[in-house]
Each structure stands twice: as C-alpha cells, then as structure tokens.
Amino acid sequence: MESNKGPLRRVGLALADPTRQAMLVSLLEGPLFSSELADRVGGRRSNVSNHLSCLRGCGLVVSEDIGRRVRYSLVSPQLAHALRDLLTLESNVACAQMTSGRTDSGQRTS
C-alpha cells in the first residue's frame, strides 16, 4: 500500500500552493505558454517558472518547445478529469456548508 501513496503525495504537493492550483485550473482550458500562465495567475514570470518546475517534477504537466517558447499542458485527460471532479466536490461541499449553516471548521455560523 505504501507504493500507491506516491501519486497522492505529488498531487498534494502541487495543490498545496494557491498559485499552482490556479495554474492547473487554467490548464484545464488547454495548453498555455508560460507568459500566458503568468498573466492569468498574476505572478511574475520567474515565480511562475518555479511553480511550473514543481508541477513538472510532480508529473502533472508536460512541456513542449515551440520555437523559442515553451507551451505547457496537463499530463493526461485523466488528470483533467480528476481536477474537474475536485472542483465539483469543492463546490458541492461549499453549498452543503452554506445550506447547513456550517463553516469549514464544522462550526455553526448562527
């Protein structure tokens, strides 16, 4: 069972940072150049480059050289599906919490 935890650790590391989260969500729309990702997440290009390095190291994005530019995309349709499922789950949890009057910590709001 221990060997099965590697992918979860990598995904957890990638999702631990809000900038990387935003980058992965942006890549759900399709491949993007690093400059486009920087514009979308509002980060400096050097910072975005570091985050892309982490995402590549985690095995979640791949890069493709196109001339002098590098375009990034999600590694697989399965990853895109999993990210969309996570986004849906997050929305469902938020709606359930609002309906039940609970916060993220489980406390009642009123």
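Above this text sits the structure in question.
Definitions and cut-offs
Residues numbered from 1 in each chain as written. Predicted model: local features only at pLDDT ≥ 70, side-chain atom pairs only at ≥ 80, totals over all residues. Heavy atoms only, no water. Helix = DSSP H or I, 4+ residues; strand = E, 2+ residues; numbered from the N terminus. Contact = heavy atoms within 4.5 Å. Areas by Shrake-Rupley, 256 points an atom, 1.4 Å probe, with all protein chains shown as cover. 1 Å grid on protein atoms, 1.4 Å probe; cavity = no way out; pocket = protein on both sides within 12 Å on 5 of 7 lines; lining within 4 Å. Points joined across faces, edges and corners; volume = space filled by probe spheres on them. Buried < 20%, exposed > 50% of the residue type's maximum accessible area, 1.4 Å probe, protein only. Arc of directions from axis to C-beta. Polar contact = N/O pair within 3.5 Å; in protein donor to acceptor, adjacent residues only side chain to side chain. Salt bridge = Lys/Arg side-chain N within 4 Å of Asp/Glu carboxyl O. Pairing = 2+ DSSP bridges. Core = buried A, V, L, I, M, F, W, Y, C linked by side-chain atoms within 4.5 Å. Axes fitted to C-alpha atoms, helices over the stretch in contact; angles between N-to-C directions. Parallel < 35°, antiparallel > 145°, perpendicular 65-115°, else oblique. Nonpolar A, V, L, I, M, F, W, Y, C, P; charged D, E, K, R; others polar.

Asker: Please give an account of the overall build of the protein chain that cites residues and values.
Answerer: Helix and strand counts for the protein chain stand at five helices and three strands. The order of helices and strands in the protein chain, counted from the N terminus, is α-α-β-α-α-β-β-α. Taking the contacts inside the protein chain whose residues are at least 6 apart along the sequence as the reference set, 45% of them involve residues at least 24 apart. When the accessible surface of the protein chain is summed, it comes to about 7400 Å², and 52% of that surface belongs to carbon and sulfur atoms.

Asker: Hey, could you go over the layout of surface pockets for me, with residue numbers and the actual values?
Answerer: For the largest pocket, the calculated volume is near 170 Å³. Lining the largest pocket are L15, Q21, L24, V25, L28, L83, L86, L87 and E90. Contributing elements (two or more residues each) for the lining of the largest pocket: helix 2 (18-27) and helix 5 (77-100).

Asker: Lay out the side chain of H51 in plain terms, naming residues and giving numbers.
Answerer: Its location among the elements puts H51 in helix 4 (residues 45-57). Setting aside chain neighbours within four positions, we find H51 in contact with D17, T19, R20 and M23.

Asker: Talk me through helix 2; I want residue IDs and the actual numbers.
Answerer: Within the span of helix 2, buried status applies to R20, M23, L24, S26 and L27. When helix 2 is viewed along its axis, its buried side chains cluster within an angular range of 160 degrees and face the same direction. Measuring from the backbone nitrogen of T19 back to the side-chain oxygen at the start of helix 2 gives 2.8 Å, which picks out D17 as the cap.

Asker: Please provide a residue-by-residue account of the pattern of salt bridges, values included.
Answerer: Under the counting rule described, the total for this entry stands at two salt bridges. The closest approach of N and O atoms between R40 and E29, which form a salt bridge, is 2.8 Å. Here R40, found in helix 3 (residues 34-41), pairs with E29, found in the loop between helix 2 and strand 1 (32-33); they are eleven residues apart in sequence, far enough to count as distant. Judged by its relative accessible area of 43%, R40 is partly exposed.

Asker: Quick rundown of the pairing of strand 2 (residues 61-66)? Include the residues and the values.
Answerer: Sheet topology note: the strand 2/strand 3 (residues 69-74) ladder contains six bridges and is antiparallel. Its bridge partner being in strand 3, I66 is matched across the sheet by R69.

Asker: Describe the nonpolar core, and please don't skip the residues or the numbers.
Answerer: Within the largest apolar cluster, 20 residues are counted, with the highest numbers of intra-cluster contacts made by L24, L27, L37, L55, L60, V61 and L74. At the level of secondary structure, the elements contributing two or more residues to this core comprise helix 2, helix 3, helix 4, strand 3 and helix 5. For L74, the contacting residues outside a window of four places in its chain are L24, L27, L28, L60, V61, V62, L79, A80 and L83.

Asker: Explain the packing of helix 3 against helix 4 to me, using residue names and the numbers behind them.
Answerer: As a packed pair, helix 3 and helix 4 sit with axes 9 Å apart at the nearest point and diverge in direction by 105 degrees. With respect to each other, helix 3 and helix 4 are oriented roughly perpendicular. Seen from helix 3, the contacting residues are S34, S35, L37, A38 and V41; seen from helix 4, they are R45, V48 and L52. The class makeup of the residues in the contact of helix 3 with helix 4 is five nonpolar, two polar and one charged.

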